[in-house]
Every structure is written in C-alpha cells, then in structure tokens.
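A look at the structure
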2 protein chains.
Amino acid sequence: MTSELDTQLLRASHPLDLAAIDTSSTPGFDGGKKAGRAALESGEARLAELQEKLFAESTADGTRSVLLVLQAMDTAGKGGVVSHVVGAVDPQGVALHAFKSPTDEEKAHDFLWRIRKQLPAAGRLGVFDRSHYEDVLIHRVRGFSTPEVIEQRYGTIRDFEQELVDAGTTVIKVMLHIGADEQKQRLTDRLADPAKHWKFNPGDLDERAFWPQYMEAYQIALDRTDADSAPWYVIPADHKWFARLAVQTLLIEALERLDLDWPAADYDVEAEKARLAAS
Amino acid sequence: MTSELDTQLLRASHPLDLAAIDTSSTPGFDGGKKAGRAALESGEARLAELQEKLFAESTADGTRSVLLVLQAMDTAGKGGVVSHVVGAVDPQGVALHAFKSPTDEEKAHDFLWRIRKQLPAAGRLGVFDRSHYEDVLIHRVRGFSTPEVIEQRYGTIRDFEQELVDAGTTVIKVMLHIGADEQKQRLTDRLADPAKHWKFNPGDLDERAFWPQYMEAYQIALDRTDADSAPWYVIPADHKWFARLAVQTLLIEALERLDLDWPAADYDVEAEKARLAAS
C-alpha cells in the first residue's frame, strides 16, 4: 500500500494562482506529521522495489526511465527530498544532477545542451535539482535573457519534454512551494547554528528580495509548460514531511503506471542450471 | 561509536596468499550476523554525518574527497555494498560509477582515460564498481593485453593513485573475497528465482571457469599495487553482512582520519542576520 495522499490535488491548475495556495497546507492527506512520516517510511521499500524493476527492465532492452524535475526557492527542501525520498532508492538506479550557474562552456551552447547530457539512461530514476527551468525563471527575474528569448524557450521546453516522453521517459515536474515567512525562519535557523553556516549563502538573500517576481515567473513558466504528458505539481512545502511524502507518492504512482515486471530470462535457464551444476 | 571491527586484520598482506584466507571468516569481528547487522545499522548515521562534513568542507574551498574502489568476482556483493553501505549516504554526496566493458571510444584511449572522467569531485564519496583494475585482471586472465603491457600498468596504476592521494583523495581499495562454492550457491539461487533471472548472465559462468586464473591475477595485482597511501583490503565475503560492515567501517575510519569539522562562515554572520531580519 502506498500512502493515502491524493496527488491529483497537487496538479497545477490553469490559470495557476500560486498566491491562492496555502504553503502550509497538506492537500490530499488527512494525517499530521507523525502519520506523514510513517507513510514516508512505509513507502520506501515500495519505491525501491519499483525502481529495481525499472532497472531490471533496462537490462532486457527496456528503454523506459523516470525523470523528476525539482524546482523551488532556496531552503524549500529540494535537498531533503533528494536525501529522504530518492535516498531510499538503490544508488545504482539513480542519476542525480544538481545544476549550478552555467560554466562558460555551457553558456556557449544552447540552454538545453547541458541538460541533455544529464538525462537518465534507461532504467534510472533521474533527478534534476534545478533544471532548464532556471533559464525561464532566474533569467526572467534577473533579465539574463530578453523577453523574446524567454518566450521562445517555453515552446522549446515543451517540445523537448515531449521528445523525452516519446522516447520512454516519464517526466514529473515538481515545484516545492514554500512561503516567504517559512523561508525566513529556515534562513534564520541556518544563521543561528554554526553547523549550518555552510548552507547559507549571502546570495540567497539577494534572490529573496525578488520574491514576488519569482512567484510571477514560476506562475507563468508552469502555466506555459504544464502538459498531461509532462505535468507540473505544486507541492506546499512549509511542512517538510508533507513535501517529501508527496514527491514519494508521485514517484510510486508513476512507476506503478509503468506496470513493471521482472523480465524473463533471455537465455535457456535449464541449460545454465546444468552448466552451473557441472562447474 | 563505530563498530568493533578491527580493519587492520583485513589489510592485504605481503606476499598475499588469497587461498589462505577463509572466505567465510569474519576477521576482527566477534559477533555474528545479528550483531553485525545491528552494527551496520548503527553506523549509518555516523557515515552520513561524516560525509556531509566532507561535503560542507568542499563548499569552503576544501579539496578532499574519498574514493572507494570495489573489485570482486561476480555475485560477491559489490551491488549490496553500494546499496546497503553507500546507500546510507546522501545521494548528493556520492559519485558512483559502474565500469562496464569499455566502448570503442574508450578503447581508443589510454586505459585510465575513462577512469579519470569519473573521479569524485571535492567533498564526494566516489565509488568505483569495478575500475582500472579490470585492465590487469580480466586482461591478464583473458589475454586482452600482453604481459608486457600489464606489467607496465601496475606501475602506471601506482603512480596514478599516488597522484590522487597527493591531490587530496583518500583511496580505499577493496577486494570482496568470495569462495567459489558460495558463488555457485548464489548463482544457483538466481537461476531458481524468476525475479532474479535478470541478474544472471551466461557470461558469468564463462568467467567462473577461470577461477584459479582470476585468483592468481588478483593476488599479483594486489601485491603490486598495495601501498600505505592507497591500501588494499581483502574482505572475506561469503557473509554479506560482514562484507558490508567491513566496508562501512573502512569508510568511517577514513573519514574520521580527515578530522573534519563544519567550516566557518566566509561571510559576516551578524550582518546577514540583520539583512535577513529586515527582509
């Protein structure tokens, strides 16, 4: 059994109104923190087993993969999702990449160049910690690209993701939606604890000053790139336990929809048994 | 507290005599399976915390990393070590690579070319599932390279690993030493269970036929490339719980020797607190 969290309530609506979403809510889940943590723990083995089946399929010429795209404001919990949700999966089946500010070489290429290089191979659960969406988010807010270029990118992204889907990748896009007050609290906690000082970057406060502009950029980007084949989910993220459980549930559901099974042997099992017995 | 396993007993001796090592033994550990599993579980948080400190150091210009090299005959448990030992570490701090048969492009380069590309960045725990040692193991057994080339490679490998050590990488090399009978049992189990058929490859039996030659190749390779700065450990691997605990202990000890601490802030904490409060 997976948790009772109803992920359909997390699907981005059209038109999207981020301000109308209570970042401290836990839509689709009846329990509190204790029940949520228990549900997360009980889903770990299920997620790991499903991923192993996907991996097994890839050893028998399967081409399917899953890609989780994580976008969020700083401190919203991307790292915690990677550690506590993805961390339950065998590392051999995970292809994680954290996209930082592009290098000079990356900037000299189309914005999808560095993204394509990190796409998950067949059988893997790919995880993007930030992604090509930075090129329509921070680029819009900070003016790194012109409005015309950004406008064009929405279409480019839609086509790109459809290409992935057509090639066998299940694409799941998640915005961890944290409130500005909760971010302030988390940053305050980091500054109060010397063991967490390394997690703080003065640049985080620079970006925080653009909060309304970021919300607008997210809203537009999600509206323009949401698709049934590559859906966006907006997950209220003030409660870490809820955000983690929601992402885990999305992954489990996506893998269950693949109707995975252990692949049949592509060799003569009885013949190999005899050969082994004689060895 | 880490476990009470004495890893010095696992260090490769000179001259190495693999046949003299009981693959079902548990050197340096007094308890049995139950105690071993408990010790493994209790070490998980410690390993994860140490690795996080290594990662934190890298965000403050630290250059240190750890590289675990795993070599073994098929079924010896490399995958289980990755899943159950490395799996306890935050995926963001792990750089895992499984080396398969080289591609045509890789073959057109020096044997270390593909290895260097997978070296862990600062702050990461790198894990090689198979490695450059294949170029002196299967290459020797199957004659893929001449004796002269293989002879030269031992020196090349020693120099390469010393270079890594000099650059700040702690190198830990592990041979999971399984017995031929135990391998037979594990392969039998795989063939008996349709859910495990995908893990079996007829090629495994082809290699199994060369068991004595592989043991000789391992013995020579370990003898020629063991160094205090890049040590080899031979871990009896008939008991999966023991092999996992031994690797975990090696990693914890290596990280503890780095004397890690949370890095100090490279910004004015009080100024940032004030800036945050005003935001």
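Residues numbered from 1 in each chain as written. Chains lettered and ligands numbered in written order. Predicted model: local features only at pLDDT ≥ 70, side-chain atom pairs only at ≥ 80, totals over all residues. Heavy atoms only, no water.

Taking an unreviewed UniProt entry as the reference, chain A is identified by name as Polyphosphate kinase 2 family protein belonging to Schumannella soli.

**Considering the sheet that holds strand 1 (residues 65-72) of chain B**
Each strand in a sheet pairs with another by means of backbone hydrogen bonds, the pair being arranged parallel or else antiparallel. Residue and element names in this part refer to chain B. Rules: The pairing criterion for strands is at least two bridges between them, as found by DSSP. Counting from the N terminus, the helices are DSSP H or I runs at least four residues long and the strands are E runs at least two residues long. Lines fitted to C-alpha atoms define the axes, with helix axes restricted to the stretch in contact, and inter-axis angles between N-to-C directions lie between 0 and 180 degrees. When checking whether two residues touch, look at their non-hydrogen atoms; a contact exists if any pair is within 4.5 Å.
Read from one edge of the open sheet, five strands run 2-3-1-4-5, paired in parallel fashion. Across the chains shown, the open sheet's two edge strands, defined by having one partner strand only, are strand 2 (94-98) and strand 5 (232-236). Between one strand axis and the next, the sheet turns by 20 degrees as a mean value, whatever way the strands run. Of the strands in this sheet, strand 1 and strand 4 (169-177) touch helix 6 (residues 147-166), which is tilted by about 135 degrees from strand 4. Across the sheet, helix 9 (residues 211-225) touches strand 1, strand 4 and strand 5, and the angle it forms with strand 4 is around 155 degrees.

**What to know about the sheet that holds strand 2 (residues 94-98) of chain A**
All names here are of chain A. The strand order 2-3-1-4-5 describes an open sheet built from five strands, whose pairing is parallel. The open sheet is flanked by strand 2 and strand 5 (232-236), the only strands paired with a single partner. Sheet twist, expressed as the average angle between the axes of neighbouring strands with direction ignored, equals 20 degrees. In this sheet, strand 3 (residues 125-129) lies alongside strand 1 (residues 65-72) in parallel orientation, the contact comprising five bridges. In the strand pairing of strand 3, Leu-67 is matched with Gly-126.

**With respect to the relation of the copies chain A and chain B**
Condition: Here the copies were fitted onto each other by least squares, based on C-alpha atoms from residues at pLDDT of at least 70 in both.
Between chain A and chain B, the superposition needs a rotation of 180 degrees and an axial shift of 0.0 Å, giving an RMSD of 0.0 Å. Between the two chains, the operation in question is that of a two-fold axis. A high fraction, 100%, of the interface residues of chain A reappear at the interface in chain B, so the copies pair face to face through one surface.

**What about the packing of aromatic side chains?**
Cut-off, in case you're wondering: Stacked, tilted and edge-to-face are the three classes applied to pairs of Phe, Tyr and Trp rings, where Trp contributes its six-membered ring and a pair requires centres within 6.5 Å; stacked means planes under 30 degrees apart, edge-to-face means over 60, and tilted covers the rest. Only protein chains enter the accessibility calculation, which uses a 1.4 Å probe; a residue whose area is less than 20% of its type maximum is buried, one above 50% is exposed, and one in between is partly exposed.
In this structure the tally under the stated criterion is 14 aromatic pairs over all chains. Seen from their ring centres, Trp-241 of chain B and Phe-242 of chain B are 6.0 Å apart, and the 85 degrees between their planes marks the pair as edge-to-face. Residue Trp-241 of chain B shares its accessibility class with Phe-242 of chain B, and that shared class is buried. A connected cluster of aromatic rings, assembled from ring pairs, spans Phe-29, Trp-241 and Phe-242 of chain A.

**Here's the deal with the interface of chain A and chain B**
For clarity, the threshold we go by: By buried area we mean the combined loss of accessible area, with a 1.4 Å probe, across both parts when two parts are placed together. The term salt bridge refers to a side-chain nitrogen of Lys or Arg lying within 4 Å of a carboxyl oxygen of Asp or Glu. Residue type decides the class: Asp, Glu, Lys and Arg count as charged, Ala, Val, Leu, Ile, Met, Phe, Trp, Tyr, Cys and Pro as nonpolar, and the leftover types, Gly among them, as polar.
Taken together, the contacts link 40 residues of chain A with 40 residues of chain B. The three residues of chain A that bury the most area against chain B are Trp-198, Tyr-267 and Leu-276 of chain A, which together make up 21% of that side's buried surface. For the pair chain A and chain B, the number of links is four salt bridges. In this structure, Glu-52 of chain B and Lys-199 of chain A form a salt bridge, with 3.7 Å as the shortest nitrogen-oxygen distance. For the side of chain A that touches chain B, the elements supplying multiple residues, two or more each, are helix 1 (33-59), helix 2 (78-84), helix 7 (180-192), helix 8 (202-208) and helix 11 (269-277) of chain A. Tallied by class, residues from the side of chain A that touches chain B come to 22 nonpolar, eight polar and 10 charged.

**A short note on the packing of helix 1 of chain A against helix 10 (residues 240-257) of chain A**
All names here are of chain A. Going by this rule: Any angle that falls under 35 degrees is termed roughly parallel, while one over 145 is termed roughly antiparallel, one within 65 to 115 roughly perpendicular, and all others oblique. Crossing handedness follows the turn of the near helix against the far one: under a right angle anticlockwise gives a left-handed crossing, and clockwise gives a right-handed one.
For the pair helix 1 and helix 10, the least separation of the axes is 9 Å and the interaxial angle reads 30 degrees. One element, helix 1, and the other, helix 10, form an angle in the roughly parallel class. Regarding helix 1 and helix 10, the two cross each other, and that crossing is left-handed. Taken together, the residues of helix 10 that come into contact with helix 1 (itself represented by Lys-33, Gly-36, Arg-37, Ala-39, Leu-40, Gly-43, Glu-44, Arg-46, Leu-47, Leu-50, Gln-51 and Leu-54) are Trp-241, Arg-244, Leu-245, Gln-248, Leu-251, Ile-252, Leu-255 and Glu-256. Tallied by class, residues from the contact of helix 1 with helix 10 come to 10 nonpolar, four polar and six charged.

**Remarks on unusual backbone geometry**
Backbone torsion omega between His-14 of chain A and Pro-15 of chain A reads -10 degrees, so that peptide bond is classified as cis. Following the sequence through the fold, Pro-15 of chain A ends up in the segment before helix 1. The phi angle at Asp-259 of chain A is positive, at roughly 50 degrees, despite the residue not being glycine. Relative to the helices and strands, Asp-259 of chain A resides in the loop between helix 10 and helix 11. Using a relative accessible area of 67% as the deciding quantity, one classes Asp-259 of chain A as exposed. Unusually for a residue other than glycine, Thr-75 of chain B sits at a positive phi of about 75 degrees. With respect to the helices and strands, Thr-75 of chain B occurs in the loop between strand 1 and helix 2 (78-84). We classify Thr-75 of chain B as buried; its relative accessible area is 10%.

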